[in-house]
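Each chain is listed here by its residues.
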Amino acid sequence: MFARRCARLVNSRTSVPLTSFLARARPYSSGPSYEHILTSSPKPGVGLITLNRPKALNALCSPLFTELNDALSKYDADKDIGAIVITGSEKAFAAGADIKEMAPLTFASAYNSNFIAPWSHLTNIRTPVIAAVSGYALGGGCELALMCDIIYASTNATFGQPEIKLGVIPGAGGSQRLTNAVGKSKAMELILTGKNFSGKEAAEWGVAAEVVEGGHAELMDVAFKTAEKIAGYSRVATVAAKEVVNKSQELSLREGVEYERRLFHGLFGSQDQKIGMTAFAEKKKPEWSHE
Ligand code: DAK
């Protein structure tokens with residue numbers, strides 16, 4: 001099964017340089033066979049989700065989102081997984097929501113079916129999620145990356161919110177999350193003109209944590225290195241750290257600082273606080289219990 005999936009990946013237009021990490025990858029054992037994504041665990045504690053609709057530049061159709069959400073939920077519930085990486089191909093992270101699926105929609109059909117509501121599921125995932133972006137991350141693809149906790153971009157990454165060119169506006173949080181990242185004036189310029197921005201600009205403007213020189217393989221190396229590092233810490237602490245940083249986007253400074261302090265106090269009830277601080281005092285490597 002996995003060999004077949006890998007072959008599909010090699011033969012597709014994704015041109016992911018597989019040798020560096022898939023040789024060590026294990027299929028995600030409890031994962032079902034997906035049609036539009038690939039899942040594996042290429043490093044200890046790391047769950048990888050590769051968007052895999054190469055012919056449509058990974059356009060985010062509803063079935064893809066159903067699979068993505070399923071894989072995210074399974075990784076989130078897996079005690080062996082401490083970080084998740086979402087990526088696409090060298091050419092496209094995701095070129096947006098599937099325009100061909102959206103084109104015939106009416107208000108009634110979109111409203112009645114709650115079209116694209118499942119998009120926000122990613123924001124409920126408690127495990128840290130890294131987006132590794134090569135190629136196009138447009139519209140919903142850019143919004144998907146913005147929902148992740150850390151973005152790494154390759155030098156060939158092309159971000160943008162081009163919805164204005166289609167007669168609509170960002171619909172999956174782009175107007176809010178992009179504005180939080182780049183500020184109002186720059187976000188207005190990007191969203192009102194629909195112009196793209198590069199991986200280098202994404203890093204300069206704070207959208208991405210880093211732009212990685214080289215191709216997709218180098219990008220994945222950086223993403224895996226960070227994911228493995230995060231997965232090597234106490235899950236109790238990493239989940240709490242993610243939660244408090246996210247609160248900074250929603251609460252006032254005073255409320256956020258109080259929230260952080262409460263959670264900090266709460267961590268003294270965890271086994272891993274004792275394990276981490278005792279290991280430091282004894283000059284040993286902590287063996288986390290994740291409890
Ligand atoms: N949807 C469907 N198919 C797409 C697609 C997309 N977004 N992007 C590309 N494709 C398909 C193309 O149609 C083409 O298919 P075939 O013709 O071969 O069958 C194939 O992928 C290759 O594309 P191109 O031939 O166009 O490739 P190029 O290299 O020439 O151009 C491109 C690459 C990325 C510049 C171009 O494909 C492009 O401009 N794509 C559209 C980008 C875009 O406008 N994206 C934003 C879509 S709107 C919501 C949540 C989210 C959203 C809305 C609501 N709610 C929660 C309510 C999101 C909206 C959007 O994302």
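A.B. asks: Describe the overall build of the protein, naming the residues involved and giving the relevant values.
C.D. replies: Helix and strand counts for the protein come out as twelve helices and eleven strands. Classification of the 291 residues of the protein by burial places 46% in the buried group. Considering only contacts within the protein whose residues lie at least 6 apart along the sequence, 66% involve residues at least 24 apart. Total accessible area on the protein is roughly 14,600 Å²; 57% of this is exposed by carbon and sulfur atoms.

A.B. asks: Please set out helix α9 (residues 216-231) residue by residue, giving values where relevant.
C.D. replies: The terminal C-alpha atoms of α9, which comprises 16 residues, lie 22 Å apart, in line with the 22 Å expected from a rise of 1.5 Å per residue. All buried positions along α9 are accounted for by His216, Ala217, Leu219, Met220, Ala223, Phe224, Thr226, Ala227, Ile230 and Ala231.

A.B. asks: If you had to explain the confidence of the model for the protein to someone new, which residues and values would you point to?
C.D. replies: Taken over all residues, the pLDDT of the protein has a mean of 90, while the share at 70 or more is 89%. Low pLDDT (under 50) marks residues 1-30, which in the prediction has 66 contacts with non-local residues, meaning those over four places away or in another chain.

A.B. asks: I'd like a description of the sheet that holds strand β9 (residues 158-160), backed by residues and values.
C.D. replies: The strand order β5-β7-β9-β10 describes an open sheet built from four strands, whose pairing is mixed. A single partner strand is all that each edge strand has here, and the edge strands are β5 (92-94) and β10 (197-198). In terms of strand pairing, β5 meets strand β7 (residues 136-138) through two bridges, oriented parallel. Each residue of the ladder has a partner; that of Ala94, found in β7, is Ala137. Helix α5 (residues 140-147) contacts β5, β7 and β9 of the sheet and is inclined by roughly 90 degrees relative to β7.

A.B. asks: Which residues make up the layout of surface pockets, and what values go with them?
C.D. replies: Of the voids in this model, the largest pocket is the one considered here, and its volume is about 1,000 Å³. Taken together, 34 residues form the lining of the largest pocket, with Met147, Cys148, Asp149, Asn246 and Gln249 sitting closest to its centre. If you list the elements that add at least two residues to the lining of the largest pocket, you get β6 (129-133), α5, β8 (150-154), α6 (174-182) and α10 (235-247). In terms of residue count, α10 provides more of the lining of the largest pocket than any other element does, eight residues in total. Residues of the lining of the largest pocket, tallied by class, amount to 19 nonpolar, eight polar and seven charged. Computed from the structure, the second largest pocket encloses a volume of approximately 620 Å³. Lining of the second largest pocket is provided by 27 residues; of these, Ala97, Ile99, Met102, Glu163 and Leu166 occupy positions nearest its centre.

A.B. asks: Explain the site of the ligand to me, using residue names and the numbers behind them.
C.D. replies: By nearness alone, 24 residues border the ligand, and Ala95, Ala97, Ile99, Lys100 and Gly140 come closest of all. Contact distances for the ligand include 2.9 Å between a nitrogen atom and a backbone N or O atom of Ala95. Gly140 places a main-chain nitrogen or oxygen 2.7 Å from an oxygen atom of the ligand. Coverage of the ligand by the protein chains reaches 64% of its 1,100 Å² of free accessible surface. More than half of the atoms belonging to the ligand lie within 2 Å of the grid points that define the second largest pocket.

Thresholds applied
Residues numbered from 1 in each chain as written. Predicted model: local features only at pLDDT ≥ 70, side-chain atom pairs only at ≥ 80, totals over all residues. Heavy atoms only, no water. Helix = DSSP H or I, 4+ residues; strand = E, 2+ residues; numbered from the N terminus. Buried < 20%, exposed > 50% of the residue type's maximum accessible area, 1.4 Å probe, protein only. Contact = heavy atoms within 4.5 Å. Areas by Shrake-Rupley, 256 points an atom, 1.4 Å probe, with all protein chains shown as cover. Expected span 1.5 Å × (residues − 1). pLDDT = per-residue confidence, 0-100. Pairing = 2+ DSSP bridges. Axes fitted to C-alpha atoms, helices over the stretch in contact; angles between N-to-C directions. 1 Å grid on protein atoms, 1.4 Å probe; cavity = no way out; pocket = protein on both sides within 12 Å on 5 of 7 lines; lining within 4 Å. Points joined across faces, edges and corners; volume = space filled by probe spheres on them. Nonpolar A, V, L, I, M, F, W, Y, C, P; charged D, E, K, R; others polar. Near = heavy atom within 4 Å. Polar contact = N/O pair within 3.5 Å; in protein donor to acceptor, adjacent residues only side chain to side chain. Sits in = over half its atoms within 2 Å of the grid points.

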